[in-house]
Amino acid sequence: MGDVLFEHADVLLERQDTIARLRLRRKSALNALSSAFFDTLDAAIDALDAAEGVRAVILMSDVPKAFIAGADISEMKGKTAAEMETYARRGQRFMARIEQHPAIWVAAVNGYCLGGGFEVALSCDLIAAGPRATFAFPEIGLGLLPGFGGTQRFTRSAGMHAGLRYILTGERFGADTATALGLVWIAPGEDEDFDEVVGGAVEKAFGNVASVAAREVKRVVRAATWLSLEDGCDAEAAAFGAIGNSADAVEGLTAFLEKRKPEFRGN
Ligand code: CAA
């Protein structure tokens, strides 16, 4: 257990050195994303932003059965068309906040990851999928469609026919299929401690990451899904210039030439 940065009945945010863990624990509704829960999550991210030096965030669930079971169905019932659109935009703002966050976000999924929950995972930069991970877009069965960016982010990651297949059918799939679709970073097996393996992998990969460069990688790689090749390469060159003389880049280049490991400070 690290330093607690934010605590609420539904969410715990703690930090150990450069890694934070955002633990979801809205157990009564399997972490379903109500407007109030979005507000709590935003408050947790405000607390994260006030703490300096966090390089990666593990978004995980303390509810054994579920990562997130989707948008809150009880809240959606009875909404007008305009209210439904507002709710979709509320969710989309949250997804964009994760996507545009300066730290690297890793979704640690080992349970139901449905609808809005899948959209949260897709907003993260990397997905770890455990043996109990169950992904799906069940919205079609509710007479709806994914409204928190899923039609766009899933299709950009997995391709058009995968998008049509999984969003039209609501078909469930596990870590193997998610891996085959290219969505998954690591997939710990049955005999491993999921949280421990994910924590160790994040620490190893990102505990000392050059975070200025990582932030630009997030931005430019995502932009590759909508920019032309020419505009994308232009954005890449500008990013290369913007960070090419940063303290971390100077340290990285110097450390290589001095045949030692770099010590990045995140600036
Ligand atoms: N919203 C609100 N409450 C939810 C919920 C959700 N998405 N998912 C589960 N819950 C609640 C259940 O109502 C239940 O509450 P009570 O104990 O008060 O009855 C509690 O969580 C436990 O759920 P179950 O008893 O159903 O647990 P289970 O193990 O039998 O089933 C499940 C688990 C398969 C995840 C099932 O709960 C389920 O199908 N949930 C809904 C999944 C879904 O359709 N998600 C998509 C929502 S739409 C969306 O996300 C749209 C969007 O993009 C904007």
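For clarity, every value in this text was computed on a predicted model and none was experimentally measured. (Residues numbered from 1 in each chain as written. Predicted model: local features only at pLDDT ≥ 70, side-chain atom pairs only at ≥ 80, totals over all residues. Heavy atoms only, no water.)

Examined against the element boundaries, Glu251 turns out to sit in helix H11 (residues 247-257). Within the local environment of Glu251, its side chain forms a polar contact with the side chain of Arg260, the two groups lying 2.8 Å apart. Look past the residues within four positions of Glu251 in its chain and what remains in contact with it is Arg260, Lys261, Pro262, Glu263 and Phe264. (Helix = DSSP H or I, 4+ residues; strand = E, 2+ residues; numbered from the N terminus. Polar contact = N/O pair within 3.5 Å; in protein donor to acceptor, adjacent residues only side chain to side chain. Contact = heavy atoms within 4.5 Å.)

For the rest of this paragraph, the subject is the domain arrangement of the chain. Structurally, the chain comprises domain 1 (3-206) and domain 2 (211-257). Here the C-alpha centre of domain 2 lies 26 Å away from the C-alpha centre of domain 1. The interface of domain 1 with domain 2 comprises 13 residues on the first partner and 7 residues on the second. Together domain 1 and domain 2 conceal approximately 710 Å² of surface at their shared face, both sides included; 49% is due to carbon and sulfur atoms. Three residues, Glu99, Pro102 and Arg156, lead the burial of domain 1 against domain 2; their summed loss comes to 58% of the area buried on that side. (Domains from an automatic or database assignment. Buried area = accessible area lost by both parts, 1.4 Å probe.)

If you check the shell around the ligand, you find 23 residues, and the closest are Lys65, Ala69, Ala71, Gly116 and Glu119. In this structure, Ile73 approaches the ligand through a main-chain N or O atom, which is 2.9 Å from a nitrogen atom. At a separation of 2.7 Å, an oxygen atom of the ligand approaches a polar side-chain atom of Glu119. In isolation the ligand has 980 Å² of accessible area, and contact with the protein removes 63% of it. Listed by contribution, the elements that provide at least two residues to the shell around the ligand are helix H2 (73-76), strand E7 (112-114) and helix H4 (116-123). Here the residues of the shell around the ligand sort into 13 nonpolar, 5 polar and 5 charged. (Near = heavy atom within 4 Å. Areas by Shrake-Rupley, 256 points an atom, 1.4 Å probe, with all protein chains shown as cover. Nonpolar A, V, L, I, M, F, W, Y, C, P; charged D, E, K, R; others polar.)

Glancing now at unusual backbone geometry. For Asn31, which is not glycine, the phi dihedral falls at a positive 65°. Although it is not a glycine, Lys259 adopts a positive phi angle of roughly 55°. Checked against the element boundaries, Lys259 lands in the segment after H11.

The parallel open sheet is built from 3 strands, whose spatial order is E5-E7-E9. Edge strands, defined here as strands with exactly one partner in the open sheet, are strand E5 (66-68) and strand E9 (134-136). Neighbour-to-neighbour, the strand axes of the sheet open up by a mean angle of 20°, direction not taken into account. Bridge count for E7 against E9 is 3 bridges, and the pairing is parallel. Within the sheet, the bridge partner assigned to Tyr112 lies in E9 and is Thr134. Running at roughly 90° to E7, H4 makes contact with E5, E7 and E9 of the sheet. (Pairing = 2+ DSSP bridges. Axes fitted to C-alpha atoms, helices over the stretch in contact; angles between N-to-C directions.)

Turning our attention to the pairing of strand E4 (residues 56-61). Within E4, 6 of the 6 residues are buried, which leaves it mostly tucked inside the rest of the structure. Side chains Ala56, Ile58 and Met60 of E4 all project onto a buried face; the interleaved residues Val57, Leu59 and Ser61 project onto the opposite face, where all are buried too. Across 6 bridges, the pairing between strand E3 (residues 19-24) and E4 is parallel. Residue pairing for E4: Arg23 is matched across the bridge by Met60. Looking at chain direction, E4 and strand E6 (residues 104-109) are connected through 4 bridges and run parallel. In the strand pairing of E6, Leu59 is matched with Ala107. (Buried < 20%, exposed > 50% of the residue type's maximum accessible area, 1.4 Å probe, protein only.)

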